[in-house]
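# Report on the structure
Listed here are the chains, written in short residue letters.
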Amino acid sequence: FFSTRSRTMSTFAAVQQAPVDAILGVTIAFQKCTAENKLNLGVGAYRDENGKPWVLPTVKAAEQDLFAQQEAGKINKEYLPIDGVPDFYNSAVKLMLGDDCTPLKEGRNCTVQCLSGTGGLRLGAAIMGRYMKGADIYIPSPTWGNHKAIFPQEGVTVKEYTYYDPATCGLNFDGMIKDLQAMPAKSVVLLHACAHNPTGVDPTEEQWKEIAKVIKEKQLFPMLDSAYQGFASGDFDKDAFACRHFAELGIEMMLIQSFAKNMGLYGERCGAFTVICADAETANRLKSQLKIIIRTTYSSPPGYGARICSTILNDPARLSAWKAEVKSMADRIIQMRKDLYDALKANGCPGTWEHVVNQIGMFTFTGMKPQQVSILTDKFNVFLTKDGRISMAGLNTAKCKYLADAMKAAITESPDA
Amino acid sequence: KYLADAMKDAILTVPSTKTSSPGSSLPDANGPASPLEGSLFADVAMAPPDAILGVTQAFRASTSPDKLNLGVGAYRSEEGTPWVLPTVKAAEAKLLEMQEAGKINKEYLPIDGIPEFYNAALKLMLGDNCTPVKEGRACSVQCLSGTGGLRLAAACIGAFQKGATIYVPNPTWGNHNNIFPKEGVPVQKYTYYKPETCGLDFEGMCADLNKMPSGSVVLLHACAHNPTGVDPTEEQWKEIAKIVKERGLVPLIDSAYQGFASGDFDKDAWACRYFAELGIELYLVQSFAKNMGLYGERTGLMTVICKDEDNANRLRSQIKPFIRTMYSSPPAHGARIAELILNDPEQLSAWKKEVKVMADRIIKMRKLLFQALKDNGCPGNWDHVVNQIGMFTFTGLNPEQVEILTKKYQIFLTKDGRISMAGLSESKCKYLADAMKDAILTVPSTKTSSPGSSLPDANGPASPLEGSLFADVA
């Protein structure tokens with residue numbers, strides 16, 4: 001296969017240029033733009049009223065504390081255990097599932113620290129690839145772009161289930177139930193715990209109960225992806241409803257938690273991955289195998305973000321203060337929804353815009369078409385993904401008006417078919 | 001109760017099968033079948049326990065005042081404590097200030113990490129006059145320390161060198177054997193260590209290199225070979241490089257100890273710099289776990305040196321999706337610390353001195369142990385104790401001798417006879433030397449040797465965790 005040609009020709013001669021990542025590409029384009037009025041509504045990172053990133057005060061305080069502890073020789077930079085910091089991941093899963101969670105009390109959970117949401121999803125994919133052979137994963141249509149890319153890396157086939165209804169900018173509940181009922185037993189169903197990305201459309205509590213019922217009846221395996229606990233409604237328990245409901249079903253499931261957004265630990269890659277198993281002994285065996293998977297990928301996880309998180313989660317005063325900070329972020333986003341909605345009504349922008357206030361979380365699926373999006377970007381220096389998704393976190397009141405006017409212009413120039 | 005406890009232990013140790021399950025999937029006789037009966041994970045086997053963990057566990061359990069942990073693969077001071085480097089602490093203090101001033105935040109890093117980090121790190125290794133770097137032919141990405149870099153290199157090999165095998169030295173760091181197959185890259189061994197001399201089997205190595213098919217990947221330890229501490233001389237490296245180039249092999253150089261091996265960053269970089277000037281393509285993985293003490297922050301980089309700049313750019317665009325589907329983007333903290341140190345001439349100089357302190361202490365332990373073995377007349381040739389390089393010494397003790405060290409003297413080390421010099425202190429060298437002498441006199445080594453000859457293949461029945469990394473994992 002390799003001939004003497006390889007001595008002069010590059011090993012990598014046939015390597016193609018890969019396309020730029022769609023979401024991160026938006027930020028790259030934004031940074032290149034020199035217009036003063038440019039607006040970045042691409043990547044989902046929180047921004048304050050002034051468009052600045054916000055390092056949470058509780059995070060800063062925890063960092064100071066950790067620094068002092070290191071000075072005092074109480075902590076150091078030694079390797080973490082392969083599965084991470086127990087004080088971190090145990091408190092993380094408790095934050096999500098609550099103190100009365102049956103599988104937690106029974107020790108039926110296998111929880112490990114992981115590299116934020118993506119890292120947790122990859123671990124879930126690896127478990128599927130090894131121990132759930134033949135099971136496909138069903139992801140909602142649409143979903144976060146990276147979902148589709150992760151699972152095939154572990155040999156898992158990705159299929160879609162009905163989710164978003166463009167006609168209503170809401171949930172196609174009947175379509176979703178129908179698709180769930182058609183799935184073969186042991187299929188894995190990926191569900192967004194709250195604040196569905198990119199649509200912002202979540203099932204109601206009643207709808208969640210129905211979804212859970214079908215999943216249990218059909219012997220499907222839920223994988224809950226939680227990137228926004230506390231960030232969606234401002235209430236940690238409310239945002240945990242779906243996860244807690246599923247955890248009490250008495251079925252096996254996976255849960256991925258990210259602290260990128262709700263704790264603003266984006267770049268420190270802080271997350272927890274949990275498999276709820278039939279019994280504690282199985283959870284134990286599964287953990288031993290997860291460790292092997294982790295070892296061959298990165299050996300052990302990074303300490304900094306997990307220690308910050310652990311410091312906060314395990315101190316009642318800090319925990320309370322943090323939850324208030326998250327509420328302030330959630331509240332600001334909810335206010336932006338109102339402001340944008342008001343601005344779109346005020347300027348008479350064609351279309352119905354209730355979904356702007358009905359959708360939940362950081363993103364709004366505007367319903368705008370690619371051509372309209374192009375106009376927004378090229379003419380108005382508004383940067384967003386081609387699917388018409390905007391990050392509310394990138395807005396403030398003044399920018400809402402600018403955006404509403406730009407949207408009206410774009411839609412008027414290139415009306416929906 | 002005794003019987004019940006014994007039954008529980010037996011069942012937990014050997015999980016029941018589906019067909020006969022005392023208790024595992026037996027439905028509640030009084031109610032509806034539990035949906036949890038028959039876990040999807042019923043057939044998941046318990047992974048083998050880690051060999052190194054056992055060492056640390058045993059060490060911790062020991063109550064002897066004389067106990068000595070020589071399994072540890074992380075630097076320890078003379079007092080036996082971990083050392084967070086002063087330059088690292090200073091960098092962290094500065095980062096906190098910068099964050100307060102709003103100059104930095106916790107936003108996502110780019111997928112390929114911090115350019116100011118990996119560019120400076122590559123320069124540290126390859127120097128300021130490196131041809132491929134100057135020509136823009138080196139594609140570097142930040143990665144999760146050494147393991148993360150090796151995994152990315154494996155992904156590249158699996159994707160762009162389909163069918164290629166990677167050859168690793170015999171023996172090598174245990175995790176090498178496990179990483180590459182995860183990307184579909186088969187692993188084979190090449191001759192490296194010679195037990196009879198506790199040194200390099202150079203002729204054997206060259207013979208094996210000459211047999212490798214063109215396009216094969218050869219894994220080389222940049223310096224301070226782990227676990228043997230045996231490195232080629234500069235002349236031997238030149239010969240190795242000649243064969244590699246002639247046969248169209250692709251080196252993968254794994255560097256975990258730059259500066260840490262000899263105390264001199266340029267000296268420890270010699271092999272990497274030599275290979276970089278050969279005009280061939282290669283992979284280079286650098287870890288800052290040990291030399292910057294950033295173990296738990298997972299700070300490293302992976303570089304591919306390509307034939308031309310265009311190749312390097314295209315390759316970067318393909319490496320990013322590997323990263324994106326594993327963890328999206330790397331952790332910031334460790335890379336920021338390294339970035340500050342590497343880009344500030346004063347801090348860089350101070351850091352290099354700190355590394356020299358660590359390297360010198362280890363070299364001193366080698367000398368003291370060697371002297372103690374001479375002083376007590378311990379049988380055997382102990383030159384390798386001072387000749388081997390880096391954190392570890394492959395003593396040459398066999399498992400039985402090791403057991404005496406552990407059971408009688410509470411000295412904890414791996415069965416392959418490898419000791420971490422970082423775990424020694426001046427006051428303990430005599431104790432260790434005396435214990436070694438006792439062990440060797442009690443259980444003589446086999447005919448072929450001086451201690452070291454009866455060295456079992458350190459790769460053995462593959463423990464996935466052979467290797468110092470997890471010595472202190474509780």
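Keep in mind the model is a prediction, meaning the values are calculated, not measured. Here, residues in each chain are numbered from 1, in the same order as that chain's written sequence. Each chain takes a letter, starting from A, and each ligand takes a number, starting from 1, following the order in which they are written. For this predicted model, a pLDDT threshold of at least 70 governs which residues receive local features, and a threshold of 80 or more governs which side-chain atom pairs are given and counted, while totals over whole chains, interfaces and linings are taken from all residues. Hydrogens and water molecules were not included; the side-chain quantities draw on all heavy atoms of the structure.

### Things to note about the overall build of chain A
- Check the secondary structure of chain A and you find 16 helices and 13 strands.
- Within these notes, the globule rule equals 2.2 Å times the number of residues to the 0.38 power, and the radius of gyration is based on C-alpha atoms. Here chain A has a C-alpha radius of gyration of 22 Å; the compact-globule value for 417 residues is 22 Å, and the two agree.
- Relative accessible area decides the class of each residue, using a 1.4 Å probe on protein chains only: under 20% of the type maximum gives buried, over 50% gives exposed, and in between gives partly exposed. Out of the 417 residues in chain A, the part that is buried amounts to 62%.
- Contacts between residues were defined by any pair of non-hydrogen atoms, one from each residue, lying within 4.5 Å. The contacts of chain A with a sequence gap of at least 6 include a subset with a gap of at least 24, amounting to 75%.
- As used throughout, the charge tally considers Lys and Arg to be positive and Asp and Glu to be negative, leaving His and the chain termini uncounted. Every charge is mapped onto a representative atom, which is NZ of Lys, CZ of Arg, CG of Asp or CD of Glu. Side chains of chain A carry 46 positive and 44 negative charges; the gap between the two charge centres is 5 Å. The secondary structure listing takes helices from DSSP runs of H or I that are at least 4 residues long and strands from runs of E that are at least 2 residues long, numbered from the N terminus.

### A short note on the overall build of chain B
- When helices and strands are counted, chain B shows 17 helices and 13 strands.
- Taking all 474 residues of chain B together, the buried fraction comes to 61%.
- Residue pairs in contact within chain B that sit at least 24 positions apart in sequence constitute 77% of those at least 6 positions apart.
- Throughout, the Shrake-Rupley method with a 1.4 Å probe supplies accessible areas, and for residues the shown protein chains are the sole cover considered. For chain B, the accessible area works out to roughly 18100 Å², and carbon and sulfur atoms hold 55% of it.

### Some words on the pairing of strand β3 (residues 166-170) of chain B
Residues and elements named next belong to chain B.
- Summarising burial for β3: four of the five residues are buried, a large majority.
- Two strands are counted as paired when DSSP detects at least two bridges linking them. Alignment of β3 against strand β4 (residues 187-191), held across five bridges, turns out to be parallel. Among the inter-strand pairings, P169 is bridged to a residue of β4, identified as Y190.
- Think of it like this: strands point away, you trace from the first strand over the helix to the second, and a clockwise trace means the crossover is right-handed. For the crossover from β3 across helix α7 (residues 174-179) to β4, the handedness is right-handed.
- Here β3 runs beside strand β7 (residues 217-221); their pairing, made up of two bridges, is parallel. Across the sheet, Y167 pairs through a bridge with V218, a residue of β7.

### Quick word on the packing of aromatic side chains
Residue and element names in this part refer to chain A.
- Side-chain rings of Phe, Tyr and Trp (the six-membered ring for Trp) are treated as a pair once their centres are within 6.5 Å; stacked means planes under 30 degrees apart, edge-to-face means over 60, and tilted covers the remaining angles. If you walk through the whole model with that rule in mind, you get 29 aromatic pairs over all chains.
- When the centroid spacing of 5.8 Å and the interplanar angle of 80° are considered together, the rings of F30 and F383 count as edge-to-face. Remark: F383 occurs in strand β12 (residues 382-383) and F30 occurs in helix α1 (residues 22-32); sequence separation between them is 353 residues.
- You can call F30 buried: its relative accessible area is 17%.
- Residue F383 is classed as buried on the basis of its relative accessible area, which comes to 8%.
- Ring geometry for W208 versus F246: centroids 6.0 Å apart, planes at 85°, classification edge-to-face. Of the two residues, W208 sits in helix α8 (residues 205-217) while F246 sits in helix α10 (residues 241-247), which places them 38 residues apart along the sequence. An identical accessibility class is assigned to W208 and F246; each is buried.

### Describing the pattern of salt bridges
- One side-chain nitrogen of Lys or Arg within 4 Å of one carboxyl oxygen of Asp or Glu is enough to make a salt bridge. Summed over all chains, the structure comprises 37 salt bridges over all chains.
- As a salt-bridge pair, D65(A) and R318(A) come within 3.8 Å of each other at their nearest N and O atoms. You can see D65(A) sitting in helix α2 (residues 57-71) and its partner R318(A) sitting in helix α13 (residues 316-346), a full 253 residues away along the chain.
- D266(B) is the partner of R273(B) in a salt bridge, and the nearest nitrogen-oxygen pair spans 3.0 Å.
- Judged by relative accessible area, D266(B) falls into the partly exposed class, the value being 44%.
- Several salt bridges converge on common partners, so that one network encompasses D65(A), D315(A) and R318(A).

### Some thoughts on helix α5 (residues 116-131) of chain A
- Under the convention used throughout, the expected extent of a helix is 1.5 Å for every residue step, that is, one less than its residue count. For α5(A), spanning 16 residues, the distance from its first C-alpha to its last is 23 Å, which sits close to the expected 22 Å at 1.5 Å a residue.
- Most of α5(A) is tucked away, with 13 of its 16 residues classed as buried.

### So, the nonpolar core
- The definition of a nonpolar core used throughout is a set of buried Ala, Val, Leu, Ile, Met, Phe, Trp, Tyr and Cys residues joined through side-chain atoms within 4.5 Å. Core analysis: the biggest nonpolar cluster contains 111 residues, and F117(B), F275(B), F288(B), L342(B), W351(B) and L369(B) have the highest contact counts within it.
- Not counting residues within four places of it along the chain, the set of residues in contact with L369(B) comprises V385(B), I419(B), M421(B), L424(B), C429(B), L432(B), A433(B) and M436(B).
- Counting residues in hydrophobic clusters, the runner-up holds 75 residues, among them I256(A), Y298(A), I157(B) and F180(B).

### What to know about the sheet that holds strand β10 (residues 299-305) of chain B
All names here are of chain B.
- Overall, mixed pairing links the seven strands, which are arranged β2-β10-β9-β8-β7-β3-β4 in an open sheet. Because the sheet does not close on itself, it has two edges, and the strands there are β2 (138-144) and β4. Neighbouring strand axes in the sheet, compared pairwise and without regard to direction, differ in orientation by 25° on average.
- Judged from the four bridges that link them, strand β8 (residues 250-255) and strand β9 (residues 282-287) form a sheet pairing that is parallel. Looking across to β9, one finds that D254 is bridged to V285.
- The axes used here are C-alpha line fits, helices contributing only the stretch in contact, and every angle between their N-to-C directions lies in the interval 0 to 180 degrees. Together, β2, β8, β9 and β10 form the strand contacts of helix α4 (residues 115-126), whose direction differs from that of β10 by roughly 70°.
- Across the sheet, helix α8 (residues 202-209) lies against β4 and β7, angled at about 140° from β4, the strand it touches most.

### Some thoughts on the sheet that holds strand β7 (residues 188-192) of chain A
Residues and elements named next belong to chain A.
- Taken together, seven strands build an open sheet; the order of strands is β2-β10-β9-β8-β7-β3-β4 and the sheet is mixed. A strand with exactly one partner marks an edge of an open sheet, and here the two such strands are β2 (109-114) and β4 (158-162). Strand-to-strand twist in this sheet, taken as the mean axis angle between neighbours without regard to direction, amounts to 25°.
- As judged from the five bridges shared by strand β3 (residues 137-141) and β4, these two strands associate in the parallel manner. By the bridge assignment, I137 is partnered in β4 with V158.
- Set on the sheet, helix α11 (residues 280-295) makes contact with β2 and β10 (271-276); between it and β2 the angle comes to about 20°.

### Thoughts on helix α13 (residues 333-342) of chain B
- In terms of burial, α13(B) is largely enclosed, as ten of its ten residues are buried.
- For α13(B), the set of buried residues is H333(B), G334(B), A335(B), R336(B), I337(B), A338(B), E339(B), L340(B), I341(B) and L342(B).
- In this fold, the buried residues of α13(B) make contact with α12 (303-313) of chain A together with α3 (86-100), α4, β2, β10 and α14 (345-375) of chain B.

### Points about the packing of α3(B) against α14(B)
Residue and element names in this part refer to chain B.
- Contact pair α3 / α14: the axes reach a minimum separation of 9 Å and the direction vectors enclose 145°. Counted together, P86, T87 and A90 of α3 and Q347, A350, W351 and E354 of α14 form the full contact between these two elements.
- Three classes are used: nonpolar for Ala, Val, Leu, Ile, Met, Phe, Trp, Tyr, Cys and Pro, charged for Asp, Glu, Lys and Arg, and polar for all others, with Gly counted as polar. Looking at the contact of α3 with α14 residue by residue, the class counts come to four nonpolar, two polar and one charged.

### Focus: the confidence of the model for chain B
All names here are of chain B.
- Taken over all residues, the pLDDT of chain B has a mean of 88, while the share at 70 or more is 88%.
- Contacts for the low-pLDDT stretch residues 18-35, under 50 throughout, to residues beyond four places or in other chains number twelve contacts.
- Low pLDDT, under 50, characterises residues 447-474; the predicted model gives this stretch 99 contacts beyond four residues in sequence or across chains.
- Under the prediction, the complex receives an ipTM of 0.94, its pTM being 0.90. One number per residue, pLDDT, summarises how confident the predictor is, and it ranges from 0 to 100.

### Some thoughts on the interface of chain A and chain B
- Contact residues are listed per partner, giving 88 residues for chain A and 86 residues for chain B.
- Looking only at chain A, the three residues that lose the most surface to chain B are F12(A), K77(A) and Y79(A), adding up to 12% of its buried area.
- Linking chain A with chain B are six salt bridges, by the criterion used here.
- Here a polar contact means two N or O atoms within 3.5 Å. Within protein one must be a hydrogen donor candidate and the other an acceptor candidate, and residues neighboring in sequence count only if both atoms are side-chain atoms. Taken together, chain A and chain B are joined by 38 residue pairs in polar contact (both at pLDDT 80 or more).
- Residue assignment for the side of chain A that touches chain B shows that the elements contributing at least two residues are α1, α2, α5, α6 (145-150), α11 and α12 of chain A.
- Residues that form the side of chain A that touches chain B fall into these classes: 42 nonpolar, 26 polar and 20 charged. Accessible surface is computed with a 1.4 Å probe, and the buried area is the amount of it that two parts give up when combined, taken over both parts together.

### Comments concerning unusual backbone geometry
- The step from N170(B) to P171(B) runs through a cis peptide bond, and the omega angle for that step is 0°.
- As for its placement among the helices and strands, P171(B) is situated in the loop between β3 and α7.
- Here the amide bond leading from N226(B) into P227(B) is cis, since omega sits at 20°, within 30 degrees of zero.
- Residue placement: P227(B) occurs in the loop between β7 and α9 (234-246).
- Phi is positive for K186(A), which is not a glycine, with a value near 75°.
- One can find K186(A) in the loop between α7 (173-182) and β7.
- The residue A224(B) is not glycine, and still its phi comes out positive at about 50°.

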